[in-house]
Amino acid sequence: MARVESLTTEDYRQSLENGFIQLVNYEEEFNSQVSQFIRDVGLYNADLDYHVVAVMGCQSSGKSTLLNLLFGTQFRTMDANTGRYQVTQGIWLSKDKDFPILVLDLEGTDSRERGEEAASFERKSTLFALAVADVLIVNMWAQDVGRYVAANLALLRTVLELNLQLFQNDREHRKTKLLFVLRDHVETSLDLLAKTIRTDLEETWKGLQKPSQFENSTVENFFELRFVSLPHMVLKPEEFKAAVTDLKNQFHKKGNSPDSMFPESYRRLVAADGFTTYANNIWETIRSNKEVDIPSQREMLATVRCEEIADEVYWNAHHKFQEWNEILDMLKRNSKDNFEHLKEKLIHDLGDQSWQVMMEAIDAYNNGTKRYISNVSEAKKVKLQERMEAEAKELYLRQLSLVEEHGLLFLEKELEHLASRATPWLNFQTQVSKLLEKVWKTLRDIASCSLEDAKLLFKEVRQFKEEEFEQREQKLVERVRRNVVDKTTQLFVEKTGAKFRNLFIATLENNPQDIWQSLNRPLSSTISESLKELSTCLNEICVDEDVKISIFRNTMEKFKEEIELRAKDLLSSNSVTMSYLCRKFDSCFRKDSRGVPRVWKPGDDLDSLYLDAKQETQSLLMTLSEAKLIITFEENLREEMAIENFSELLDSLEIIFEIFSVERRNALEEKLEDYAKLAYTEAKRSQETIHTRSQIPGWLYVALFVLGFNEMKMVLRNPLLLLSMLLILPVLYILVQANLHHMLLSMILSKMEQYLPESFNLLQRRMHSAAFMETTPSGINLQSSFDSPIPNRIRGNETAKTTGIRLRKPNHFSEDTVTRRRRNSAGSE
Ligand SMILES: Nc1nc2c(ncn2[C@@H]2O[C@H](COP(=O)(O)OP(=O)(O)OP(=O)(O)O)[C@@H](O)[C@H]2O)c(=O)[nH]1
């Protein structure tokens, strides 16, 4: 892990204001804010269009002063009045005031402050400067040249040695410009000084142990040597200034001229945005005393930077994907939205748009990584593309899933609505096709891409989702179709059951004895009709042929069950069953062969009729106990139902089931027995009553006439009563002529049966009372042997006057006597 330092915000702000920042501090830590500094000084996007200059030399040799003058930087310099001391510690970074030049100010090589560590830091900082800088300024006092100052010779040896180590594996052999700036130049010609330094360098180079491939190489193979002298800054300030200006101009000269300070071939090929990473890696390698391998460092840089750039462009794309994801989240949350609304809110052309976002990211990546090792950047690009594609596919799939889920919900709701209709089969398949078309259209519209690349990218996802939707949609439709089939079948079963019930009731009423045989034909035609209609409905529901056959099979079974259920239900109540049995018994016993109610005459053979009727009724009970129906189908029915291939399906259908258990049948028989006995008793009594009526003596009629004479007179005198009599008498006459008077009489008598004895008692009482009455003008004397007549009362006299009858009641006439006589009268009857 790299050791890094980080400035406080205030320190960083101050650094930025000053225009320089400490790249490596005294403790050899790399500053993590260098990258931000490069951004803030506007060099981050310079790509390769920038240069790096580093200066090295002895402490307090005017390095910072020179850099400030050449590049307009503001490195701190020593104040001569306070004595010589180390100003620059570590490595400092600044940028040319006007040009894309990064300037590195290195700590003095012979630092007193560092003591024994100075040599070590000198090697590290030199190695670092050689690795990153196109131009390395070697700052020397002119008078030290050729004087074999130990510090200078050591410095040159270090430079050569480290450069060899650094670039030994670099096939490109990027040269470094070594610019010797000879300060306080006074007398010796520059050429002579330069020659001296060159000789020193060559000698040192010869003395170096070189790898075999560089055995015959020279210093010039690795360095371009350039020499500049500056006059004494204090003694010849004007000349110094002019020389500095001249040098400054050389640094700022544009183009690739031979005298240019920054030839193209010297570039370190590190894009500005990767400088910090590169510099950090180099420094960390140096600091940890590992061998710095420039090619691998470049590869490492490419790896790091390509990854950084890939990340950067990925996040840009990701943010766009995220925006779309949020739209989908919102749509998912608002699941109440109906399907039409959903379609409006969905992201249209998501496939194309995602592809464009990815392409923009790839373009940005290509642009950002074009300066890095191509195989590294290509490898990273593949990964970036895969990452974005995965996200785009997920997003695309999410949207299709949303359409799928909402589409299925919509379909389910609409299909349930179709199924819930009173006639669910009606246009079922047509409606289903319309609904499916609607959902499929939305799905396809949303999935569609116009860009060929996008089509290709999302092809698999689209296929997967369409297949999944197809399966789910089919499952749903089949489920609802099954419901509709069940409902339709049930409706037909119930309809057929209801028809059977009516037929059953009608047959029970009319022809109960042959009930099952009588039902066969109408029931066969009812079932055939139902099957035909069901077949038509199934066609509307669009049921497969083989499914249809199984539906017919099931329906036949259901028909059987329904018929059994209906028949049992109809006869489930004993009272209902008894009503049919009683009716049967009555039709045999109480009615004659023409169905006319019998009037029991004395000569009728009640016993035989009773036994026959009972047998007939028991036979009906036996018939009703077990249903035996045989349904036969017409030949052309299979053809009409288009199931010719299933000849066995519409063979005759036998429906056999038990209606009454043995226990229930026994119970019914008992009830029937009771009913028959009662009917027999009634009939017997009725027969006896009629027999009694035929024995009424003739004098009774005379008595009735005499007693009713006054009433007759009253009728004849009253026009209203007379008119009523005139209406009633013809009716009575017709009844007598039609021989219905017996029946009427029988009915009246049977109803009045209980009152007859009382009537006779009353009549006898009247007759006895008549014995106490005076003889009427008509000459009839009803006076009896009673001794004491009833005392005349005003009301009695009045009544006698009105009716012409005078009532006389004996004193000893008591209730006991009436009762005794009623009993006698009833006994004689
Ligand atoms: N004689 C002379 N003095 C100079 C020249 N340039 C700078 N100085 C002075 O030398 C002293 C040191 O200058 P700096 O620029 O701080 O030297 P430095 O090499 O950067 O010092 P460190 O960073 O401490 O290594 C200052 O007092 C400068 O004024 C020059 O060309 N000639």
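Residues numbered from 1 in each chain as written. Predicted model: local features only at pLDDT ≥ 70, side-chain atom pairs only at ≥ 80, totals over all residues. Heavy atoms only, no water.

Quick look at the overall build of the chain now. Within the chain, the regular secondary structure consists of 27 helices and 11 strands. Relative to all contacts within the chain whose residues are 6 or more apart in sequence, the contacts with residues 24 or more apart total 76%. When the accessible area of the chain is evaluated, it comes to approximately 44000 Å², of which 51% is carbon and sulfur surface. (Helix = DSSP H or I, 4+ residues; strand = E, 2+ residues; numbered from the N terminus. Contact = heavy atoms within 4.5 Å. Areas by Shrake-Rupley, 256 points an atom, 1.4 Å probe, with all protein chains shown as cover.)

The residue glutamate 28 is not glycine, and still its phi comes out positive at about 70°. For glutamate 28, the location among the structural elements is in the loop between strand S2 (20–24) and strand S3 (30–31). Classification of glutamate 28 by relative accessible area gives buried; the value is 13%. Phi at serine 60 is positive, roughly 60°, even though this residue is not glycine. Accessibility expressed as a relative area gives 18% for serine 60, which makes it buried. (Buried < 20%, exposed > 50% of the residue type's maximum accessible area, 1.4 Å probe, protein only.)

So, about the pairing of strand S8 (residues 176–185). Two faces, one strand: in a regular strand the side chains alternate between the faces of the sheet. Across the 10 residues of S8, 10 count as buried, placing the element largely inside the fold. A crossover connection joins S8 to the parallel strand S9 (residues 223–231) through helix H6 (residues 190–207); in handedness this β-α-β unit is right-handed. (Right-handed = clockwise from strand over helix to strand, strands pointing away.)

The subject of this paragraph is the pattern of salt bridges. Applying the stated criterion to the full structure yields 40 salt bridges. A salt bridge links glutamate 509 to arginine 583, with the nearest nitrogen and oxygen atoms 2.3 Å apart. Of this pair, glutamate 509 sits in helix H14 (residues 452–510) while arginine 583 sits in helix H17 (residues 574–589), placing them 74 residues apart in sequence. For glutamate 509, a relative accessible area of 39% corresponds to the partly exposed category. Classification of arginine 583 by relative accessible area gives partly exposed; the value is 40%. (Salt bridge = Lys/Arg side-chain N within 4 Å of Asp/Glu carboxyl O.)

This next bit is on the packing of aromatic side chains. Enumeration over the complete set of coordinates arrives at 25 aromatic pairs. Summarising the aromatic geometry, the rings of tyrosine 50 and phenylalanine 275 are spaced 6.4 Å apart at their centres and angled 90° between planes, so their arrangement reads as edge-to-face. Within this pair, whereas tyrosine 50 is found in the loop between helix H2 (34–40) and strand S4 (51–57), its partner phenylalanine 275 is found in helix H8 (residues 275–287), the two being separated by 225 residues in sequence. Here tyrosine 50 and phenylalanine 275 have matching classes, each one buried. Ring centres 5.2 Å apart and planes at 40° place the aromatic pair phenylalanine 589 and tryptophan 600 in the tilted group. With phenylalanine 589 in helix H17 and tryptophan 600 in the loop between H17 and helix H18 (606–625), the pair connects residues that are 11 residues apart, well separated along the chain. On the accessibility criterion, tryptophan 600 (7% relative accessible area) is buried. Taken together, the ring pairs in this structure connect Phe585, Phe589, Trp600, Tyr610, Tyr675 and Tyr680 into an aromatic cluster. A cation over a ring is seen here: arginine 39 above tyrosine 44, with NZ or CZ 3.7 Å from the ring centre. Over the ring of tyrosine 314 we find arginine 387, and its NZ or CZ is 3.7 Å from the ring centre. (Phe/Tyr/Trp six-rings, centres within 6.5 Å; stacked < 30°, edge-to-face > 60°. Lys NZ or Arg CZ within 6 Å of the ring centre and 35° of its normal.)

This part covers the UniProt feature "transmembrane region" (unreviewed entry) in the chain. The sites that UniProt annotates as "transmembrane region" (unreviewed entry) are residues 719–736. A distance of 26 Å separates the end C-alpha atoms of residues 719–736, which is 100% helix and 0% strand. (UniProt positions renumbered as here; feature names shortened; annotations may be inferred.)

Within the chain, residue pLDDT values average 83, and 83% of them lie at 70 or more. This model gives residues 771–829 a pLDDT under 50, and the stretch forms 71 contacts once residues within four places in sequence are excluded. (pLDDT = per-residue confidence, 0-100.)

A separate point is a nonpolar patch on the surface. Taken together, the side chains of Leu716, Leu722, Leu723, Met725, Leu726, Leu727, Ile728, Leu729, Leu732, Leu744 and Ile748 make up a nonpolar region of the molecular surface, amounting to roughly 980 Å² of accessible area. Counting residues per element, the ones that place at least two in the nonpolar patch are helix H23 (719–737) and helix H24 (741–752). At 8 residues, H23 tops the list of elements feeding residues into the nonpolar patch. Along the chain, isoleucine 728 falls in helix H23. For isoleucine 728, a relative accessible area of 45% corresponds to the partly exposed category. (Patch = residues over 30% accessible without salt bridge, like charges linked within 9 Å, V, L, I, M, F, W, Y side chains within 5 Å.)

It is worth spelling out the packing of helix H9 (residues 294–333) against helix H11 (residues 350–369) at this point. Their axes nearest at 9 Å, the elements H9 and H11 cross at an angle of 160°. With respect to H11, the axis of H9 lies roughly antiparallel. Between H9 and H11 the crossing geometry is right-handed. The segment H9 lies against H11, with Cys306, Ile309, Ala310, Val313, Ala317, Lys320, Phe321 and Trp324 engaging Leu350, Gln353, Ser354, Val357, Met358, Ala361, Ala364, Tyr365, Gly368 and Thr369. Tallied by class, the residues present in the contact of H9 with H11 amount to 13 nonpolar, 4 polar and 1 charged. (Axes fitted to C-alpha atoms, helices over the stretch in contact; angles between N-to-C directions. Parallel < 35°, antiparallel > 145°, perpendicular 65-115°, else oblique. Left-handed = near helix turned anticlockwise from the far one by under 90°. Nonpolar A, V, L, I, M, F, W, Y, C, P; charged D, E, K, R; others polar.)

Grouped together as the largest cluster of nonpolar side chains are 176 residues, with contacts concentrated most on Leu104, Phe128, Phe180 and Phe504. Filtering out sequence-adjacent residues up to four positions away, phenylalanine 128 remains in contact with Leu23, Ile91, Leu104, Ala279, Ile282, Trp283 and Ile286. Core analysis: the second largest hydrophobic core is formed by 24 residues, Phe71, Val103, Ile137 and Val244 among them. (Core = buried A, V, L, I, M, F, W, Y, C linked by side-chain atoms within 4.5 Å.)

Attention now goes to the environment of valine 103. For valine 103, the location among the structural elements is in strand S6 (residues 101–106). Here the alpha-carbon distance between valine 103 and alanine 54, two residues 49 residues apart in the chain, equals 5.8 Å. When neighbours within four sequence positions are excluded, valine 103 is seen to be in contact with Val53, Leu67, Phe71, Thr73, Phe75, Trp92, Leu93, Ser94 and Asp96.

On to the environment of phenylalanine 458. Relative to the helices and strands, phenylalanine 458 resides in helix H14. Expressed as a C-alpha distance, the spacing of phenylalanine 458 and tryptophan 355, which sit 103 residues apart in the sequence, is 9.6 Å. Excluding its chain neighbours within four sequence positions, the residues that come into contact with phenylalanine 458 are Gly351, Ser354, Ala392, Lys393, Tyr396 and Cys449.

When you line up the elements, glutamine 687 lands in helix H20 (residues 662–693). Taking relative accessible area as the criterion, glutamine 687 reaches 8% and is therefore assigned buried. One polar contact links the side chain of glutamine 687 to the main-chain carbonyl oxygen of proline 602, over a distance of 3.2 Å. Among all residues touching glutamine 687, those that are not within four sequence positions of it are Trp600, Lys601, Pro602, Gly603, Asp604 and Leu606. (Polar contact = N/O pair within 3.5 Å; in protein donor to acceptor, adjacent residues only side chain to side chain.)

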